[in-house]
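If you want the building blocks of each chain, they are given just below.
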There are 2 protein chains.
Amino acid sequence: MNRITSAEAWTGVADCLNCNIRQSVLFAGLEEADFRDLHRPIDQLQFAAGETVYRAGDDGVSLFTIRTGLVKLTHYLPDGSQRIVRLLSKTDVIGLECMLGNVYQHSAIALQATEVCRLPVSSVKRLSLGNSRLFHTVMAQWYRALSDADRWITELSTGTARDRVIRLLLWLSERETGNSCSLFSREDLGAVLGLTTETASRSMAELKRQGLIREHSLNQFSFDIVALRRIVETRVG
Amino acid sequence: MNRITSAEAWTGVADCLNCNIRQSVLFAGLEEADFRDLHRPIDQLQFAAGETVYRAGDDGVSLFTIRTGLVKLTHYLPDGSQRIVRLLSKTDVIGLECMLGNVYQHSAIALQATEVCRLPVSSVKRLSLGNSRLFHTVMAQWYRALSDADRWITELSTGTARDRVIRLLLWLSERETGNSCSLFSREDLGAVLGLTTETASRSMAELKRQGLIREHSLNQFSFDIVALRRIVETRVG
DNA sequence: CGTGTTTTTGAGCCAGATCAAGTACGGTGG
DNA sequence: CCACCGTACTTGATCTGGCTCAAAAACACG
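Residues numbered from 1 in each chain as written. Chains lettered and ligands numbered in written order. Predicted model: local features only at pLDDT ≥ 70, side-chain atom pairs only at ≥ 80, totals over all residues. Heavy atoms only, no water.

Enquirer: So what exactly am I meant to see when it comes to the confidence of the model for chain A here?
Expert: Fine structural detail should not be taken from predicted coordinates in areas where pLDDT scores are low. On average, residues of chain A score 88 in pLDDT, and 94% of them are at 70 or above. Predicted confidence for residues 1–6 of chain A stays below pLDDT 50, and this span has six contacts to residues more than four positions away or in other chains. (pLDDT = per-residue confidence, 0-100. Contact = heavy atoms within 4.5 Å.)

Structural data, given as structure tokens:
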């Protein structure tokens, strides 16, 4: 297997000790000595929107920490359609499952330009046993993934199409700065929310018409977070 | 806090070394010496259907390994209704989140008569750091919870009401012996599948009428697993 | 500037929600 | 033992949000 496949761009060897998002990242708890222990360097890679980080069933030899961007994990259904089971962004780890199994459980595809650090599973396994802080960080990543999955079920798979769209916009805005977010294709939007592409499109159009969201450039939206939150939280009351 | 609350029955101190489901359980990897290390004994508790194991927001001081039975994790929505986010059974661990946070994230309620072992979080934390097998087992539990959540999204929150019901029946039969399962109230059924109670009821009635499932006693169903599987897997083709 | 792709919009239909009765069941008390 | 009651389940009638099928519009790209 080549280090640099057609679908990715190697952008350098990571300098973890001086990482600018280090405090929130998997290797936060490591000491200089630990890094000397790593036999292979940590590579930084870059993916354009639409490029594949890994495919379900691939040999799981690496974990990835997302530095910037947005990645979808998809599960393909027997009929060929996809259901997106998670969206991951800054400081999330993908591929954690290969600390246990041998292969990736989902396909991971970038939805925006995305930068990641690639970590060898073997090193993470070895180091996390002795290092209580890394152990804790790894477990925190599991917890985070599970919490996200719970939110996915309660917020993005429940309620009307309109509400689901709003909750997703709010969710996206949490991981960006300010009251805006950048969205992706209507097809992916539908696959996230368990709706058809048409319904996803209609819901967006409706929100735009009502002035609840504004699109200043292609798929770049801004909105009044408080107002939107009020809409989806006010049920009965 | 009392060791035995009104909603639970203490049934003895667990003898983990001779546990009959030990190979599949959290403390599988522990040695005799480790058990001597535990300051408090491991209690076994029993819950009747409908009783609460813990509530969302409670202080998370214990993990529970399920020995027999079925437990729902629910998330209450602002309007007072519930959405069930996971169903757990034999060898599953609930309350894992309190290895990181301080409180339980969901309410855990028994759907059937349920036996559990109660493990002090502090011990699991302490032991899992030094013991590579326990570390691995704990992580495997996270993985399992996450895989279940993924199935929940793709199988139980997607497709027609009928298909969802069938997938749930198949899911339940996996964790029981043979081609049968015991079900629970229609209200909970709806909360699992994201459907109304009425639709859940109608779907069950329809399956009965079509002879695809048989109810030999109250909420005890048997069916042809292969036939049901064919129904939900055959989409397009 | 034409061609393929994605998004939007329209019209009609249907699955599931809602509202409303009716029925079965388990428990309780006379 | 039976009448009564509360709860859960079932069934019916109607309504509607989202799906389906189809076409137009906007856009991306060579």
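Enquirer: Hey, could you run me through the nonpolar core in this one?
Expert: Soluble, globular proteins show a tendency: their nonpolar side chains are buried together. Membership of the largest hydrophobic core comes to 144 residues, with the highest contact counts inside it found for F27(A) and F27(B). With sequence-adjacent residues up to four places away left out, F27(B) is seen in contact with C16(B), R22(B), F35(B), L38(B), I42(B), L119(B), V124(B) and L134(B). (Core = buried A, V, L, I, M, F, W, Y, C linked by side-chain atoms within 4.5 Å. Buried < 20%, exposed > 50% of the residue type's maximum accessible area, 1.4 Å probe, protein only.)

Enquirer: Quick question: what am I supposed to make of the protein's contact with DNA strand D here?
Expert: In the vicinity of DNA strand D lie 17 residues, with A161(A), T196(A), T199(A), R186(B) and S201(B) positioned nearest. When the atoms of DNA strand D within 4 Å of the protein are grouped by moiety, sugar and phosphate amount to 61% of the total. Residue S201(B) places a side-chain N or O atom 2.8 Å away from a phosphate oxygen belonging to DNA strand D. Within the side chain of R202(B), a nitrogen or oxygen atom sits 3.0 Å from a base nitrogen of DNA strand D. Those elements that place two or more of their residues in the surface near DNA strand D are α6 (197–209) of chain A together with α6 (197–209) of chain B. Top element by residues in the surface near DNA strand D is α6(B). It accounts for six residues. (Near = heavy atom within 4 Å. Polar contact = N/O pair within 3.5 Å; in protein donor to acceptor, adjacent residues only side chain to side chain. Helix = DSSP H or I, 4+ residues; strand = E, 2+ residues; numbered from the N terminus.)

Enquirer: Help me understand the interface of chain B and chain A, please; the structure alone is not making it clear to me.
Expert: Put simply, an interface is often sized by how much accessible area is lost when its parts join up. Listed by partner, the interface residues are 33 residues for chain B and 33 residues for chain A. Note on chain B versus chain A: buried area summed over both sides is about 3200 Å², and carbon and sulfur give 75% of it. Per-residue buried area on chain B facing chain A is highest for L100(B), Y143(B) and I153(B); these three make up 19% of the total on that side. Linking chain B with chain A are two salt bridges, by the criterion used here. One salt bridge connects D150(B) with R86(A), and the closest N-O pair in it is separated by 2.6 Å. One can count eight residue pairs in polar contact (both at pLDDT 80 or more) joining chain B with chain A. Breaking the side of chain B that touches chain A down by element, the ones donating at least two residues are β6 (82–89), α2 (121–130) and α3 (132–156) of chain B. With 15 residues, the top contributor of residues to the side of chain B that touches chain A is α3(B). Looking at side-chain class alone, the side of chain B that touches chain A contains 17 nonpolar, nine polar and seven charged residues. (Buried area = accessible area lost by both parts, 1.4 Å probe. Salt bridge = Lys/Arg side-chain N within 4 Å of Asp/Glu carboxyl O. Nonpolar A, V, L, I, M, F, W, Y, C, P; charged D, E, K, R; others polar.)

Enquirer: Teacher, can you tell me more about unusual backbone geometry here?
Expert: For residues that are not glycine, phi is negative in most cases, and the peptide bond is trans in most cases. Residue and element names in this part refer to chain B. In this structure, T91 is a non-glycine residue whose phi angle is positive, near 75°. In this fold, T91 is placed in the loop between β6 and β7 (93–94). Despite not being glycine, N219 has its phi angle at roughly 60°, a positive value. Its place among the elements puts N219 in the loop between β11 (213–217) and β12 (220–223).

Enquirer: Just checking my understanding: could you explain the protein's contact with DNA strand C for this structure?
Expert: Taken together, 17 residues sit near DNA strand C, with R186(A), S201(A), A161(B), T199(B) and R202(B) positioned nearest. In DNA strand C, the atoms that sit within 4 Å of the protein are 59% sugar and phosphate, with bases accounting for the remainder. In the model, a phosphate oxygen of DNA strand C is placed 2.7 Å from a nitrogen or oxygen of the S201(A) side chain. Between a phosphate oxygen of DNA strand C and a main-chain N or O atom of A161(B), the distance comes to 2.6 Å. Taken together, the elements giving at least two residues each to the surface near DNA strand C come down to α5 (186–193) and α6 of chain A together with α6 of chain B.

Enquirer: So what exactly am I meant to see when it comes to empty space enclosed by the protein here?
Expert: By rolling a water-sized probe across the atoms, one finds the places where empty space is left. Scanning the model with the defined rule gives two cavities of 30 Å³ or more in all. The volume enclosed by the largest cavity comes to roughly 40 Å³. If you trace the largest cavity, you find it lined by D148(A), R151(A), W152(A), E155(A), L156(A) and W171(A). Looking at the lining of the largest cavity element by element, the count peaks at five residues for helix α3 (residues 132–156) of chain A. Residue composition of the lining of the largest cavity, by class: three nonpolar, no polar and three charged. Roughly 30 Å³ of volume is contained in the second largest cavity. In this structure, the second largest cavity is lined by F135(A), V138(A), M139(A), W142(A), F135(B), V138(B), M139(B) and W142(B). For the lining of the second largest cavity, the secondary structure elements donating two or more residues are α3 of chain A together with α3 of chain B. Taken together, the residues of the lining of the second largest cavity break down into eight nonpolar, no polar and no charged. (1 Å grid on protein atoms, 1.4 Å probe; cavity = no way out; pocket = protein on both sides within 12 Å on 5 of 7 lines; lining within 4 Å. Points joined across faces, edges and corners; volume = space filled by probe spheres on them.)

Enquirer: I'm lost on the packing of helix α4 (residues 161–174) of chain A against α5(A) in this one. Help?
Expert: The description of two helices packed together rests on the angle between their axes and the distance between the axes. All names here are of chain A. Put simply, α4 and α5 touch, their axes get as near as 10 Å, and they point 105° apart. Taken as axis vectors, α4 and α5 run roughly perpendicular relative to one another. Where α4 abuts α5, its residues R164, V165 and L168 lie against L189, V192 and L193. Residue composition of the contact of α4 with α5, grouped by class: five nonpolar, no polar and one charged. (Axes fitted to C-alpha atoms, helices over the stretch in contact; angles between N-to-C directions. Parallel < 35°, antiparallel > 145°, perpendicular 65-115°, else oblique.)

Enquirer: What is the right way to read the packing of α3(A) against α4(A) from this model?
Expert: All names here are of chain A. Two elements in contact, α3 and α4, have axes whose closest approach is 9 Å; the angle formed by their N-to-C orientations is 145°. Residue-level inspection shows R151, E155 and L156 of α3 in contact with α4, the latter providing R164, R167, L168, W171 and E174. Split into classes, the residues belonging to the contact of α3 with α4 amount to three nonpolar, no polar and five charged.

Enquirer: Is there a simple way to think about the sheet that holds strand β5 (residues 70–76) of chain A in this case?
Expert: One key point about sheets: their strands pair by backbone hydrogen bonds, in either a parallel or an antiparallel sense. All names here are of chain A. Spatial strand order, β3-β8-β5-β6: four strands in an open sheet with antiparallel pairing. The open sheet has two edge strands with one neighbour each: β3 (52–54) and β6 (82–89). Strand-to-strand, the axes of this sheet are offset by a mean angle of 30°, without reference to chain direction. Sheet topology note: the β5/β6 ladder contains seven bridges and is antiparallel. Residue pairing across strands places T74 opposite I84, the latter belonging to β6. (Pairing = 2+ DSSP bridges.)

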